[in-house]
Structures are given as structure tokens and as C-alpha cells.
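Architecture and fold: a report
This is what each chain is made of:
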Amino acid sequence: MSVRVRYAPSPTGLQHIGGVRTALFNYFFARAAGGSFILRIEDTDRERYSDESLDDLYRTLDWLGLSWDEGPQVGGEYGPYVQSQRFELYREHAHRLVEAGRAYPCYCSSERLEEVRRKQKEEKSSIFGYDRHCRDLTPEQRAEYEDQGIKPVIRFKVPMEGETSFEDVLLDKVKRKNRDISPDPVILKSDGFPTYHLANVVDDHLMKISHILRAQEWISSGPLHVLLYEAFGWDPPVYCHLPMVMGKDGQKLSKRHGSTSVRDFRLQGYLPEAIINYVSLLGWSYDDSREFFRKEELEKVFSLEKLNKAPAVFDYKKLDWFNGNYIRELDDDVLQKQIRPYLIEAGFLSDPPTPEQEELISEIIPLIKERLSRLAEVPELVRFLFQDPAEYDAQLLVPKKTDPAKTMEMLRAVRGLIQNFSENSDEELEDEFRNLAEQLEVKLGQLLMPLRVSITGSKVSPPLFGAMRILGEQEVTKRIDRGIGYLERLAETNK
RNA sequence: GUCUCCUUCGUCUAGUGGUUAGGACACCGGGUUUUCAUCCCGGCAACAGGGGUUCGACUCCCCUAGGAGAUGCCA
């Protein structure tokens, strides 16, 4: 049996990291098995549907480098792959079940349904859900409702006796008494669109899907789906319910935990390599040591056997760590291209950048490459190169274990040392500063700190000599002079 | 409430009856270094609890507890 799996998102919001994990696992499973990966758009909820969501879906898959063998845009033997274009199909299938006595029209208003639920809650009833009010309506009663012009929904008749089970690759057998299954769920809405339950069963069967890899939040509708397959006289596919992705508090991952949409991650400067690598390790592992995987490797090495059952907590810090690693592996010119938009957005570069500006970024790259965990951090790291940090706490200039007077002496000496510094290499500069430090009887770090603060306005910065070279002697001198000025004032007030 | 699933360091995990319970992130210490970062070295830290089964249980079974998910004309 050839492997055919699908990712079937509904375009009702931005692509979520949990959804992407499901997409990835389906994709890798298909590739590793030499099977087909199918994309299907489940746009049956016309209330929540949005074009923007659909665009985001395509953009996300494109960004991650996931391609599908069948689906929208590429077509395939079992299309169309957009459920709204299969409208008639679901209606036919729903009515087939009605004719077979396995489903029935229901005329209950949503108000009544709400009231039923409210009462159940109030009475702490052991039965929850639809009360099967319309299950056994007589033809006369139906005709009456029809005459009132009520558009019915179609509900599936869930057996009241017996039990239904399915085999899960991960969980083994999952059993459920039929009376515990959602009582007669809607399969066709009053607008004629199918609900998820009907649509996914019909489509998975018609599209010859062999395995269903989906999140564990779907476990409880598994038996219902099996019942639907039975009612149609079809064999269900193989199920595999993937562990869920949680937030730090153990609840389903959501916005309040931080970013959850792939778009957010992209905007913050996470690389697709890092997202793919990290997310693949949520609920799956290869062995006891290896943890770096590129997409191409996962396409070979992924297997259902290494899946974990327990839910995984999404760890933003570990993602950062992965991302930093992948950023450092980028070629300089690629990284340059990647950080460009962030610098433009910060207003540091024109759009598009001038050749001079491009030259400038290329000089910046080596200074910041190993200091990044997200690309969006770039502007803050290099702000001092584009904006003169005039305002900073003068106290920062004074290194530990010394005083303003001594610091002033150091900075003045440094000022004398930097004439034509650009002609010297970092090594030569360092030697000179080292000698000076020795003369002044301070450590190199102490000598450099006032210079660093004068130039960057901060005690933390990229390597100084490189930064100074970018700023040029004139600018550097100007900032040193201001530093000296600050120190003079500081020394005054300290007297 | 009911049903279903889950349970190894704070987090991601390795482990399939006999291990000093391994790795990674985070954290803490140390080293390299012009600060930071990178890099290197070291440390802290786990089998939810209770019963069985067994010569022997993290591994198998049962119970309890805890967590999560579902319970929609959303997927």
C-alpha cells in the first residue's frame, strides 16, 4: 500500500506552529516512505474563512520549503483539493446516509440547542450534548417543519449501544462506548456545507488517504469518524494521533505564551531551518544525541516509531539557540540579504539601500554574526553605527576600580593613539592599546571600556576596532571628545 | 460532570527487565577573549505515588493522584 497523507488546514487564521508541526510530520512521513503528500484546504467554515489566512498558508509552506504532490495550484488525480469546490459531493453523501437511515434532518434552532446545553450544565447532567430531539420525527412532523421554511441540518445517527474502536499507530487501540460519543453530531450544516467530520471522512476516502497523522485533540472524534466510514461501507485509514504542543503552563499553546503564528516567527527573524529543526523535535526524536537536522535529512530519517506520546512544551529559548546556530552557519552574503529589511525598517538604510550602504552592511556582518539569535535584534546591536549615542549615563564611562580622573587620563591617551588608526590591522591596534594599558597600569579591558562607551553609549557592543573603522576617524574622535567632556563634568561634581 | 489520552532533570528527550538513568536547552561556576557573544571545561537537576509480577523493575500489570484534550451548524 502506498503512503498517501495530507495536511488539511482550514484558512481561518494565521498558520499556527502546532499546525505546522502536523504539516511537517505528514510531509516527512510521506517523503521517508516514498509516498505522496497532499494539501487540502478545509474551507467549509464560511463564517471564519479569510483570504488573508489562505495567503498566509501558502506563504508559510513556501517559506518552509514544503511542496505538495497533490493539492491546489498543482492539481492531481483526486481534485479538486479545496473543499468549497466539492460542495455537491458532501451533500450527496449526507443524503446517502439519510436514505440509508444512518442520518436524519434536524430542525432545532441554535437557541434551543443552547438552552439544552445550559440546562444540562445547570442540572449537572451526566449526558451532554444534543438531546436527539429530531432523531425520530415522523414524516408529518418533518413536513410541518419544512413548511415553516426551516432549513435543517443533517445529523449522523450515532448508535446508542455497543462500542467503537480504532487502531492507532502510537496509542494502540482506542475504545469508546457509543453512548459516550457525541450524540448525533451535525454532518451537514444548514447552509449546505459539511462539518469537519463529514468532509474529512469523505475526502480522505475519495482521495485514498492511507494514514491520518493529526494532533491528539482529535482523538475523541476518532470513533465517530470510524462510525462514518462504516456507515458508508468504507475502510478507515490508519490513524496516528500526534502529541500536542503546549505552552509553558501546560495548556494548549496560544498567543498568551508568546508568538504562535509562523508569520510572527518569520518577522522576528527566525530562519525556516531553525523552525523546522526545533519543531521536528517536539514529540519526535532520532536518538540519544543527534539534534541537528535539516529538512532534507528529516525527509529520509523521520519515522513514526520514534514518536513520543506525551505532549511537549514549546521552549522559546531552545528555539533561539537553534536559530543562533543556523544564523552563524549562514554565508555572509546571505545573512546580509536577510538583515537588510530590518535595517531598512529601523530607518538606518534607504529603501533600496545605496551601494555604499550595502558595502557598510557587509562590513557589519562579521561584527554581529555570532551575537544574534534573531535577525530582528540587528538594529539594536548596530544602532550606534547609524545614530550618535549622545545621551548616556556618564558613569558608564568609568571602569570598575577606577575613577573619573583616571578614566579621563585613559581616554585622552586613547585619543592620541587613534590618529590614522584605520591603516592598522586589529592586531596592530591591539598591540598599541596593550602597550598603552601597560604604561597607564590598567588592564586592556579597562582601557577600552571608556572608549567603548564613548563610541557606542553602552558597555556592551560588537568588537570595537571593527566598529571604529566603520565610523571613521572623524566620528570616533568626536565621540571620544564628548566622552572626555562628560568625564570632566563628572570629575568636577565629584570634587 | 462525562469520556479519552498522557506522566524520566525546570524544558525537549534517550532508555523496550540488570545503566554510576545518557544527551541537549535553560541555569550556576570556571577558562579563552577588548565588553557582550561565540568557543571550551565543569556543576546542579528526573524515573508522580502506592500496590503487585519477577531473582531483579524507569521499563510489564493494577489502583490513586496530577495534567491535558474533547464534549459546537469551529476545524
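Bear in mind the structure is a predicted one, so any value in this text is a computation, not a measurement. (Residues numbered from 1 in each chain as written. Chains lettered and ligands numbered in written order. Predicted model: local features only at pLDDT ≥ 70, side-chain atom pairs only at ≥ 80, totals over all residues. Heavy atoms only, no water.)

Now for the pairing of strand S6 (residues 172–177). Sheet analysis places strand S5 (residues 163–168) next to S6, joined by six bridges and oriented antiparallel. Bridge pairing in S6 links Glu 163 to Lys 177. Hairpin connection from S5 to S6: three residues lie between these consecutive antiparallel strands. (Pairing = 2+ DSSP bridges. Helix = DSSP H or I, 4+ residues; strand = E, 2+ residues; numbered from the N terminus.)

Looking now at the domain arrangement of chain A. Here chain A is described as being made up of domain 1 (4–72 + 245–313), domain 2 (86–242), domain 3 (331–386) and domain 4 (394–494). Relative to domain 4, the C-alpha centre of domain 1 lies at a distance of 49 Å. (Domains from an automatic or database assignment.)

What follows deals with the side chain of Ser 461. Position of Ser 461 relative to the elements: it lies in the loop between helix H17 (444–456) and helix H18 (464–471). Here the side chain of Ser 461 touches Arg 452 through a polar contact of 2.8 Å, side chain to side chain. Excluding anything up to four places from it in sequence, Ser 461 contacts Arg 371, Arg 452 and Thr 456. (Polar contact = N/O pair within 3.5 Å; in protein donor to acceptor, adjacent residues only side chain to side chain. Contact = heavy atoms within 4.5 Å.)

A few words on the protein's contact with RNA strand B. Taken together, the neighbourhood of RNA strand B is formed by 66 residues, with Gln 251, Gly 283, Glu 370, Arg 371 and Glu 430 sitting nearest. In this structure, a phosphate oxygen belonging to RNA strand B sits 2.6 Å away from a side-chain N or O atom of Lys 189. Between RNA strand B and Ser 285 there is a distance of 3.1 Å, counted from a phosphate oxygen to a side-chain nitrogen or oxygen. At the level of elements, strand S4 (153–156), S6, strand S11 (312–313), helix H11 (316–329), helix H16 (426–440), H17 and H18 are the ones that each hand at least two residues to the surface near RNA strand B. (Near = heavy atom within 4 Å.)

Our next topic: unusual backbone geometry. Omega for the bond connecting Gly 79 with Pro 80 falls within 30 degrees of zero, at -5 degrees, which places this linkage in the cis form. Residue placement: Pro 80 occurs in the loop between helix H2 (51–64) and helix H3 (87–99). A cis geometry characterises the amide bond from Asp 351 onward to Pro 352, with omega recorded as 0 degrees. Summarising the element assignment, Pro 352 is placed in the loop between helix H12 (332–345) and helix H13 (355–368). The backbone of Arg 132 shows a phi angle near 60 degrees, a positive value even though the residue is not glycine. The backbone phi angle of Glu 441 is positive, close to 60 degrees, even though this residue is not glycine. Tracing the backbone shows Glu 441 in the loop between H16 and H17.

Right, let's talk about the environment of Thr 138 for a bit. Its place among the elements puts Thr 138 in the loop between helix H4 (110–122) and helix H5 (139–147). Here Thr 138 falls in the partly exposed class, since its relative accessible area comes to 32%. Residues Thr 138 and Glu 492, 354 residues apart in the sequence, show an inter-C-alpha distance of 99 Å. (Buried < 20%, exposed > 50% of the residue type's maximum accessible area, 1.4 Å probe, protein only.)

For the rest of this paragraph, the subject is the layout of surface pockets. Each pocket or cavity is described by its volume, and for the largest pocket that value is around 1100 Å³. As for the largest pocket, its lining consists of 37 residues, of which Pro 9, Ser 10, Gly 19, Glu 217 and Trp 218 are closest to the centre. Sorting elements by how many residues they give to the lining of the largest pocket places helix H1 (residues 17–32) first, with five residues. Tallied by class, the residues present in the lining of the largest pocket amount to eleven nonpolar, 15 polar and eleven charged. Mapping the lining of the largest pocket onto the domain boundaries places at least three of its residues in each of domain 1 (4–72 + 245–313) and domain 2 (86–242). (1 Å grid on protein atoms, 1.4 Å probe; cavity = no way out; pocket = protein on both sides within 12 Å on 5 of 7 lines; lining within 4 Å. Points joined across faces, edges and corners; volume = space filled by probe spheres on them. Nonpolar A, V, L, I, M, F, W, Y, C, P; charged D, E, K, R; others polar.)

Turning our attention to the nonpolar core. By size, the foremost hydrophobic cluster in this structure holds 108 residues, and its most contacted members are Ile 275, Leu 307, Phe 314, Ile 339, Phe 433, Leu 447 and Leu 451. Of all the elements, H1 adds the most residues to this core, at nine residues. Not counting residues within four places of it along the chain, the set of residues in contact with Ile 275 comprises Ile 17, Trp 63, Leu 64, Phe 265, Tyr 270, Ser 280 and Leu 319. Counting 31 residues, the second-largest nonpolar core is a separate cluster that includes Val 158, Val 174, Ile 187 and Ala 231. (Core = buried A, V, L, I, M, F, W, Y, C linked by side-chain atoms within 4.5 Å.)

Checked against the element boundaries, Leu 417 lands in helix H15 (residues 404–417). Remark: the alpha-carbon pair of Leu 417 and Gly 192, spanning 225 residues in sequence, is separated by 81 Å. Setting aside residues up to four positions removed in sequence, Leu 417 forms contacts with Glu 432, Phe 433 and Leu 436.

Locating Asp 168 in the fold gives a position in strand S5. Here Asp 168 is buried and forms no salt bridge, its nearest opposite-charge partner Arg 214 lying at an N-O distance of 7.2 Å. Reaching out from Asp 168, the side chain makes a polar contact with the backbone nitrogen of Leu 170 at a distance of 2.7 Å. In terms of polar contacts, Asp 168 uses its side chain to reach the backbone amide nitrogen of Leu 171, at 2.9 Å. In this structure Asp 168 touches Val 174, Tyr 239, Cys 240 and His 241, once residues within four positions along its chain are discounted. (Lys, Arg positive; Asp, Glu negative; His and termini not counted. Salt bridge = Lys/Arg side-chain N within 4 Å of Asp/Glu carboxyl O.)

Turning our attention to the sheet that holds S4. Spatial ordering of the open sheet is given by S3-S4-S7, a layout of three strands whose pairing is antiparallel. Whereas interior strands pair on both sides, the edge strands pair on one side only; in this sheet they are strand S3 (103–106) and strand S7 (186–188). If you compare each strand with its neighbour and ignore which way they point, the axes differ by 45 degrees on average. Here S3 pairs with S4 via four bridges, running antiparallel. (Axes fitted to C-alpha atoms, helices over the stretch in contact; angles between N-to-C directions.)

This brings us to the pattern of salt bridges. Applying the stated criterion across every chain yields a total of 39 salt bridges. Between Asp 184 and Arg 135 there is a salt bridge, with the nearest N and O atoms lying 3.0 Å from each other. Here Asp 184, found in the loop between S6 and S7, pairs with Arg 135, found in the loop between H4 and H5; they are 49 residues apart in sequence, far enough to count as distant. The same class applies to Asp 184 as to Arg 135, namely buried. Notably, a salt bridge pairs Glu 475 with Lys 478, separated by 3.7 Å at the nearest N-O pair. On the criterion of helical spacing, the pair formed by Glu 475 and Lys 478 is a turn pair, its members being three residues apart in helix H19 (residues 473–494). For Lys 478, a relative accessible area of 43% puts it in the partly exposed group.

This next bit is on the packing of aromatic side chains. Summed over the entire model, instances satisfying the criterion amount to 27 aromatic pairs. On the basis of an interplanar angle of 85 degrees and a centroid distance of 5.5 Å, the ring pair of Tyr 27 and Phe 37 is categorised as edge-to-face. One end of the pair, Tyr 27, is in helix H1; the other, Phe 37, is in strand S2 (residues 36–39), with ten residues separating them in the sequence. Judged by its relative accessible area of 2%, Tyr 27 falls in the buried class. Accessibility expressed as a relative area gives 0% for Phe 37, which makes it buried. Seen in terms of ring centroids, Trp 284 and Phe 293 are 5.8 Å apart; in terms of plane orientation they differ by 70 degrees. Their pairing is edge-to-face. Every member of this aromatic cluster is reached through a ring pair, and the members are Phe 265, Tyr 270, Tyr 278, Phe 292, Phe 314, Tyr 316, Trp 321, Phe 322 and Tyr 326. For Arg 155, the ring lying beneath its charged end belongs to Tyr 130, and the centroid distance is 3.5 Å. In this structure, Arg 290 is placed above the aromatic ring of Tyr 286, and the distance from its NZ or CZ to the ring centre is 5.8 Å. (Phe/Tyr/Trp six-rings, centres within 6.5 Å; stacked < 30°, edge-to-face > 60°. Lys NZ or Arg CZ within 6 Å of the ring centre and 35° of its normal.)

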